[in-house]
Number of protein chains: 2
Amino acid sequence: MSSSDSLTASLASLAVATVSHADTNSPVSWRDVLLADPSVPKSFELIKTLVYKPKTAKTATPVPVIVIARDETQTSSSALGKKLNLKELRLASEDLLAEFFGLDKNSLSLLALNKDTFSKVVTVIDASIASSSAMFAVRACSSSSTVFLSGKAIVEHLKSLETDDTRLEEVDFAALKTDGPVPKPAVKEKEDAKIDGAVQIAIGVKKEVDFSAWYQSVLLKADMLEYYSVSGCYILRPWSYSIWEEIQDWFNKKIKAMGVQNASFPMFVSAKVLEREKDHVEGFSPEVAWVTRAGSSDLEEPIAIRPTSETVMYPYYSKWIKSHRDLPLKLNLWNNVVRWEFKHPQPFLRTREYLWQEGHTAHLTKAEADKEVLEILELYRRVYEELLAVPMIKGVKSEKEKFAGALYTTTVEGFIPASGRGIQAGTSHCLGQNFSKPEMFNIVVEDPNDPTGQGKTYAWQNSWGLSTRTIGVMVMVHGDNQGLVLPPRVALVQVVIVPCGITAKSIEEDRNKINDACDELAKTLVDIGVRAKADLREGYTPGYKFNDWEQKGVPLRLEIGPNDLAKQQTLSVRRDTGAKAPVALADIKTTIPQLLDTIHNDMYAKALEEYNAHLKEVTNWEDFVPALDNKCVAVIPWCEREACEDDIKERSGRSAEPQDERAPSAGAKSLAIPFDQARWTPIEPGKTKCVGCGQDAKRWTMFGRSY
Amino acid sequence: MSSSDSLTASLASLAVATVSHADTNSPVSWRDVLLADPSVPKSFELIKTLVYKPKTAKTATPVPVIVIARDETQTSSSALGKKLNLKELRLASEDLLAEFFGLDKNSLSLLALNKDTFSKVVTVIDASIASSSAMFAVRACSSSSTVFLSGKAIVEHLKSLETDDTRLEEVDFAALKTDGPVPKPAVKEKEDAKIDGAVQIAIGVKKEVDFSAWYQSVLLKADMLEYYSVSGCYILRPWSYSIWEEIQDWFNKKIKAMGVQNASFPMFVSAKVLEREKDHVEGFSPEVAWVTRAGSSDLEEPIAIRPTSETVMYPYYSKWIKSHRDLPLKLNLWNNVVRWEFKHPQPFLRTREYLWQEGHTAHLTKAEADKEVLEILELYRRVYEELLAVPMIKGVKSEKEKFAGALYTTTVEGFIPASGRGIQAGTSHCLGQNFSKPEMFNIVVEDPNDPTGQGKTYAWQNSWGLSTRTIGVMVMVHGDNQGLVLPPRVALVQVVIVPCGITAKSIEEDRNKINDACDELAKTLVDIGVRAKADLREGYTPGYKFNDWEQKGVPLRLEIGPNDLAKQQTLSVRRDTGAKAPVALADIKTTIPQLLDTIHNDMYAKALEEYNAHLKEVTNWEDFVPALDNKCVAVIPWCEREACEDDIKERSGRSAEPQDERAPSAGAKSLAIPFDQARWTPIEPGKTKCVGCGQDAKRWTMFGRSY
């Protein structure tokens, strides 16, 4: 577009920055890609450009209406039509956009307007833009380029295009709304999600209103995560990576006690080997990343990056396991894997590269394998409940949801109250002999229990994995509108000590006394193994520091001011409840560790109560979708047939509101068949019917929307 | 080749296995690819097929001589010619191979001979093949397919092609050698490298004779490593990975005390970002692996796998560092990186994927950065000397050898006595402001020391890395002809306790008494933090166990037999020296930890002595190459000019024997300019001349062949 190019040039002096980026086809992906680019302004709002076509006589040339608004502004077409006195405004077709501007909807912006086109359209601008101090991101007539402009520059530019006949229309959409039809709640609520006065360092968005934006904001503001220039990949900053290190330490000790050893296997796997197990590879092949070139040479054969390591490892299990004396073989890897998902990525929960551990064991008997599957699952439960204070329900996956190639899959299943979605939090699979049989990897030994001495037996195998998803679940469950809330056992800083009551007028001696007391308190705590830190930064008020550490989720704050010092005490403030209580400095070595344990227990109890409150026993299909819409997990008597599961997913998805096609599914899938069936009314064989299909029910099964 | 195909078919019944593999164009790569394939027989020898052309009258049709021999057999063409009464046997050209067999030299084998061709050539077989019990790997008329045959099958097959006129010639090359010209020492020595009677579980090759085969054998037999189906990638088994875990634990504690925090960054980097720093990317681009496809979709832009993370991380350093208060920023990653080297890979030392840590820090001043560079280098020295008992020399790299994009590179430089090569063992770089300057990543803060308050300053950056190369160096330095020798501080098993003096005739009670005593001793040691293990395996003799654990390098063996028990003592046997001494069980808690420390110190002292003995002060060029050929590092007064370094490399390479083109260079490069110059004769400025070029020398510099 040479015309828009020249216009862009005229705007160049007003632009704060222009950046190129990956192609983006939705506001969500556009925002993500900008957030991931360190060269863009730190805070910005997206500008949307909508084109409407009014109803006109067939013979008349249509005059399109161009609406330029903040992405979050609700632009009701009916209210706008009424105001402009135009009939039946409809979003223009792609054809019309192409005809008028030579652009598609992901490239079009106000920059496409020039002296020529301006007079042929009606241009409407969101009145709040002109006066805003925000920086606005505007599509630079391309879905892969963005220009940053102030509100003032946008309006000045558009006004420069005005002619005597055609003026820019400023419309106060906020005022319009009250006249128009009832706005859709979702959009209205997102407006309300902004927390008043929550500028600078606060989270700025309410968890209960715009959960997705809240999550993103918490992660960024707490220095947990940084968006990265390759979509779906994220940077784990020390504040989150240290949590992973805590989990690693704990889990390593437990599995080593079980005789598991750590090892390292290559990240690459040849196509030939990857494709050895058919069910398995079918489960992964759509997401496999392929290396095809090294330096400037094409590889003879493309090489896959592991999506998981079964096929990487088992050819060597076959080599190493020659006698029943070589069993059990128990190896674990801490590594990175790649699954190139095309669904919308979500930090920690769905990422293209992620960190995890994967254990791979081989046993002589099924009984041994079965036993280990449950031992590992119990460790996963303990990681969540005892380290992260997040409750789990243990169970087995349905046939449809089990791991590709497994005999059966057990799971710890979590729940995110804010979204009402279940989340698969860790899985321990029994692979049976699927991978060891002769046509697969042929992991075989002589059977020591065979009386003839001639018998052979194929190894019974397990694999089990826990990933950095743990961290995302923890954030979603515990965080609040002040930011992150860290469970004490994994917090990099468990206790922060803030000097108070010092002002600019305080004399040096008093200041030193307080600071020294904070420092000493920190040392005392560090000596008994508490991760404590005194925040003695100069030039920051206590209030700023409180906010800063609250946002970062530090479980406990201790304040020391002159009065505290006089009384030989410190004021403790809990992050989870906000509860304040003085603590005698003399008892600190016992009270603080106890208090941290109390915080852990209270956080767990609160989360458990929420989980339980959202487990809805459903016995009629009519109550099923309403339960989901009520942000609950529906626990139903179920027949355990795959066709029924497909049907439930389809029917529950259909009745839900439409979603972004790449968003998590609105249909419910089975989450787990809980081991503990006793918490629900006993199922009577042949009498209790499946809620999905009316056939005989087998067990209570959790169904829900999920991540 | 249909003729050879049908012949292959006739041999099929005799073949033990036939495997397909990557294309290989040398015996080394052929052997590697077979070792990496778990489906091939566990031990095998390569068969080479050589074709010679005798001098014949121009009008006569040449009769090629086909020699079929073990890869290691020396097949002297002159001795063979004398024996066959043929003049001037020369290796045949590729053209002749193509003409006769339709194959190139990497595909040709005895399988190409058939009833038709056999009678047109002279076929000679190494007489030792027929009687050998070894399994032989034979090219299946393809460089990417191998058939395994017994010696008997090979000879039978060839004999089946005999006609009345044309017989198979069996030649005893070992006997031939004594008649012929003096054999090249290298080949002669390789024959001798096999250790007599060293079958089954021993190393089988002498370190001082065939170092490369010894290294491979030690790693495999000690369960340190497994070859993998993707060339240049290896499996680190628990026996080696646990060493890496020990290094991680130690190093993490030290850097965390320095204020360094661990984090995780993505493994992918876009081409645009990777190419930001020109010098840097030039250093790495020939080795970068590119992902171009995900599932069945081509990516819009290829994405690189990090060869190192400077360009991955620094865009975000620029974002995070906004004030001098944000400095220093000190992050460390434990991750995997990929450098797709085309040189011959070597386990641990040169691999396409490897594990390492990479630290990346940013500082306000050069002084701070300089200080940290040396602090980290000191930690690297300590990892080698205090954990691995491997001596290092600290120094700075020449301009030519410094890290791509660095201001300067410091190094701990090790030495492998068996090969006489230096090895870069860990590097700590000051990047200066090369990456922080505005045209690169623009990592800038206001200068707090600028009196105007207007000044800006660019961050001073360091990066430093230590890899699993550590493990390879340790194996090469300490290992011996019994196998691995592990330094005690990193050994997964430090002490193994073996019950002795029990025979098949021993009564149950005596057996139990001894076993219980071993078990108890192990528990006592574990309680005081010694990694001890009682080897109570049934069905193995003590001798077998001794050999097994020696091969795996366990630093200390304790034997308990009936007599020991009576005397309340145990016999200690050191792996490093073989020294035996009784130890009273009563004192075990003090003597064993002391003995482990002594072993560490003695191993270090021995290695240091060897390093020092091979540091040769050279002041005349005439002594330079002889020093290298004597497996020494030449320490010379040097001018420090890059042109001189190039010249030294070229001249020293030229005078050396020719090597496999992918082998480490025979030319000497500068290894390090040691910090400690005082150990050599003082250089007199303007008077002491450079050994390379005769210009004024600056400092003593280590030159050597290297890895």
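- An unreviewed UniProt entry annotates chain A as proline--tRNA ligase originating from Boletus edulis BED1.
- Among the UniProt annotations of chain A, the heading Sequence similarities (unreviewed entry) holds the following wording: "Belongs to the class-II aminoacyl-tRNA synthetase family."
- A UniProt comment under Catalytic activity (unreviewed entry) is attached to chain A, and it reads "tRNA(Pro) + L-proline + ATP = L-prolyl-tRNA(Pro) + AMP + diphosphate".

1. Overview of the overall build of chain A
Phase 1 of the analysis: Across its full length, chain A holds 22 helices and 31 strands.
Phase 2 of the analysis: Relative to its length of 707 residues, chain A is compact, with a C-alpha radius of gyration of 30 Å against a globular reference of 27 Å.
Phase 3 of the analysis: Considered along the principal axes of its C-alpha atoms, chain A spans approximately 100 × 80 × 65 Å.
Phase 4 of the analysis: Going through the 707 residues of chain A one by one, you find that 57% of them count as buried.
Phase 5 of the analysis: Look at the contacts in chain A between residues 6 or more apart in sequence, and 69% of them connect residues 24 or more apart.
Phase 6 of the analysis: When the accessible surface of chain A is split by element, carbon and sulfur atoms take 49% of a total near 29,800 Å².
Phase 7 of the analysis: Separation between the mean location of the 86 positive side-chain charges and that of the 96 negative ones in chain A comes to 1 Å.

2. Topic: the sheet that holds strand β13 (residues 289-294) of chain B
Hydrogen bonds between backbone atoms are what pair the strands of a sheet, whose relative direction is either parallel or antiparallel.
Phase 1 of the analysis: Strand order in the open sheet made by the six strands is β12(A)-β14(A)-β13(A)-β13(B)-β14(B)-β12(B), with antiparallel pairing throughout. Taken across any chain shown, the strands that pair with only one partner, and hence form the sheet edges, are β12 (268-270) of chain A together with β12 (268-270) of chain B. Between one strand axis and the next, the sheet turns through 45° on average, direction left out of account.
Phase 2 of the analysis: Bridging between strand β13 (residues 289-294) of chain A and strand β14 (residues 297-305) of chain A involves four bridges; their strand directions are antiparallel. Residue pairing in the sheet places A294(A) in a bridge with S297(A) of β14(A).

3. A closer look at the side chain of K552(B)
Residues and elements named next belong to chain B.
Phase 1 of the analysis: Relative to the elements of secondary structure, K552 occurs in the loop between α18 (542-551) and β25 (556-560).
Phase 2 of the analysis: Residue class for K552 comes out buried when judged on its relative accessible area of 12%.
Phase 3 of the analysis: Here the side chain of K552 touches D223 through a polar contact of 3.5 Å, side chain to side chain.
Phase 4 of the analysis: Other than its neighbours up to four places away in sequence, K552 contacts A222, D223, W239, L484 and L486.

4. Concerning the relation of the copies chain A and chain B
Phase 1 of the analysis: When chain A is fitted onto chain B, the two copies agree to an RMSD of 0.2 Å after a turn of 180° and an axial shift of 0.1 Å. Given the turn and translation reported, the copies of this chain are related as if by a two-fold rotation axis. Residue V291(A) of chain A places its C-alpha closer to the rotation axis than any other residue of that unit, at 2.0 Å.
Phase 2 of the analysis: Mapped onto chain B, 100% of the interface residues of chain A again fall at the interface, so both copies present the same surface.

5. Some details on the sheet that holds strand β28 (residues 615-617) of chain A
Residues and elements named next belong to chain A.
Phase 1 of the analysis: Reading across the sheet, the 11 strands line up as β11-β15-β16-β22-β19-β18-β17-β30-β31-β29-β28 and stay open at both edges, with mixed pairing between neighbours. Edge strands, defined here as strands with exactly one partner in the open sheet, are β11 (261-262) and β28.
Phase 2 of the analysis: Note: strand β17 (residues 393-396) against strand β30 (residues 669-674), two bridges, orientation antiparallel. Looking across to β30, one finds that G395 is bridged to P674.

6. Section: the pairing of strand β2 (residues 45-53) of chain A
All names here are of chain A.
Phase 1 of the analysis: Of all the nine residues making up β2, seven are buried; the element is thus mostly covered by neighbouring parts of the structure.
Phase 2 of the analysis: Relative to strand β6 (residues 135-139), β2 runs parallel, the two being bridged by two bridges. Directly across from E45, in β6, lies its bridge partner F136.
Phase 3 of the analysis: Pairing geometry for β2 and strand β3 (residues 65-70), over six bridges, is antiparallel. Bridge pairing in β3 places L50 opposite V67.
Phase 4 of the analysis: Here β2 pairs with strand β4 (residues 90-91) via two bridges, running antiparallel. Following the sheet pairing, K53 is matched in β4 by R90.

7. Focus: the packing of helix α11 (residues 238-257) of chain A against helix α16 (residues 469-478) of chain A
Packed helices, taken two at a time, are described by the angle between their axes plus the distance between the axes.
Residues and elements named next belong to chain A.
Phase 1 of the analysis: Running from N to C, α11 and α16 cross one another at 115°; their axes reach a closest spacing of 10 Å. Like other packed secondary-structure pairs, α11 and α16 cross with a definite hand, here right-handed. Facing α11, whose interface residues are S240, I243, W244 and I247, α16 presents T470, I471 and M474.
Phase 2 of the analysis: Grouping the constituent residues of the contact of α11 with α16 by class yields five nonpolar, two polar and no charged.

8. Some details on the interface of chain A and chain B
Phase 1 of the analysis: Taken residue by residue, the interface counts 65 residues in chain A and 65 residues in chain B.
Phase 2 of the analysis: Summing both sides of the interface, chain A and chain B together bury roughly 5,400 Å²; the carbon and sulfur share of this comes to 59%.
Phase 3 of the analysis: When the buried area of chain A at its contact with chain B is split by residue, F268(A), Y316(A) and K319(A) rank highest and sum to 11% of it.
Phase 4 of the analysis: There are four salt bridges connecting chain A and chain B.
Phase 5 of the analysis: Note that K256(A) is salt-bridged to E245(B), the shortest N-O span being 3.3 Å.
Phase 6 of the analysis: Our count for the contact surface shared by chain A and chain B stands at 28 residue pairs in polar contact (both at pLDDT 80 or more).
Phase 7 of the analysis: A class-by-class count of the residues in the side of chain A that touches chain B yields 40 nonpolar, 12 polar and 13 charged.
Phase 8 of the analysis: The pairing of β13(A) with β13(B) spans five bridges and is classified as antiparallel. Paired with W290(A) across the bridge in β13(B) is R293(B).

9. Remarks on the state of the cysteines
Phase 1 of the analysis: A full pass over the atoms with the stated rule returns zero disulfides over all chains.
Phase 2 of the analysis: Between C233(A), a cysteine without a disulfide, and C233(B), which holds the nearest cysteine sulfur, the sulfur-to-sulfur distance is 20 Å.
Phase 3 of the analysis: Unpaired in terms of disulfides, C644(B) finds its nearest cysteine sulfur in C690(B), a separation of 3.7 Å.

10. Thoughts on the confidence of the model for chain A
Residues and elements named next belong to chain A.
Phase 1 of the analysis: On average, residues of chain A score 89 in pLDDT, and 93% of them reach the 70 mark or higher.
Phase 2 of the analysis: Scored below 50 in pLDDT, residues 179-192 makes 14 contacts in the model with residues more than four places away or belonging to other chains.
Phase 3 of the analysis: Long-range and interchain partners of residues 658-662, a stretch whose pLDDT sits below 50, account for six contacts in this model, where long-range means more than four residues apart.
Phase 4 of the analysis: Reported for the predicted complex are a pTM of 0.80 and an ipTM of 0.80.

11. Points about unusual backbone geometry
Phase 1 of the analysis: Of the consecutive residues L327(A) and P328(A), the connecting peptide bond is found in the cis state with omega at -5°.
Phase 2 of the analysis: Position of P328(A) relative to the elements: it lies in the loop between α14 (310-320) and β15 (329-338).
Phase 3 of the analysis: One non-glycine residue with positive phi stands out, namely C141(A), at about 55°.
Phase 4 of the analysis: If you trace the backbone, C141(A) turns up in the loop between β6 and β7 (145-150).
Phase 5 of the analysis: A positive phi angle is found at F348(B), which is not glycine, with a value near 70°.
Phase 6 of the analysis: Its location among the elements puts F348(B) in the loop between β15 (329-338) and β16 (353-363).
Phase 7 of the analysis: Classification of F348(B) as buried rests on a relative accessible area of 6%.

12. Concerning the pattern of salt bridges
Phase 1 of the analysis: Under the definition given, this model contains 76 salt bridges over all chains.
Phase 2 of the analysis: Each member of the salt-bridge network shares a partner with another, and the members are E378(A), R381(A), E385(A) and K394(A).

The rules we used
- Residues numbered from 1 in each chain as written.
- Chains lettered and ligands numbered in written order.
- Predicted model: local features only at pLDDT ≥ 70, side-chain atom pairs only at ≥ 80, totals over all residues.
- Heavy atoms only, no water.
- UniProt positions renumbered as here; feature names shortened; annotations may be inferred.
- Helix = DSSP H or I, 4+ residues; strand = E, 2+ residues; numbered from the N terminus.
- Rg over C-alpha atoms; globule rule 2.2 N^0.38 Å.
- Buried < 20%, exposed > 50% of the residue type's maximum accessible area, 1.4 Å probe, protein only.
- Contact = heavy atoms within 4.5 Å.
- Areas by Shrake-Rupley, 256 points an atom, 1.4 Å probe, with all protein chains shown as cover.
- Lys, Arg positive; Asp, Glu negative; His and termini not counted.
- Charge placed at Lys NZ, Arg CZ, Asp CG, Glu CD.
- Pairing = 2+ DSSP bridges.
- Axes fitted to C-alpha atoms, helices over the stretch in contact; angles between N-to-C directions.
- Polar contact = N/O pair within 3.5 Å; in protein donor to acceptor, adjacent residues only side chain to side chain.
- Least-squares fit on C-alpha atoms with pLDDT ≥ 70 in both.
- Left-handed = near helix turned anticlockwise from the far one by under 90°.
- Nonpolar A, V, L, I, M, F, W, Y, C, P; charged D, E, K, R; others polar.
- Buried area = accessible area lost by both parts, 1.4 Å probe.
- Salt bridge = Lys/Arg side-chain N within 4 Å of Asp/Glu carboxyl O.
- Disulfide = S-S within 2.5 Å.
- pLDDT = per-residue confidence, 0-100.

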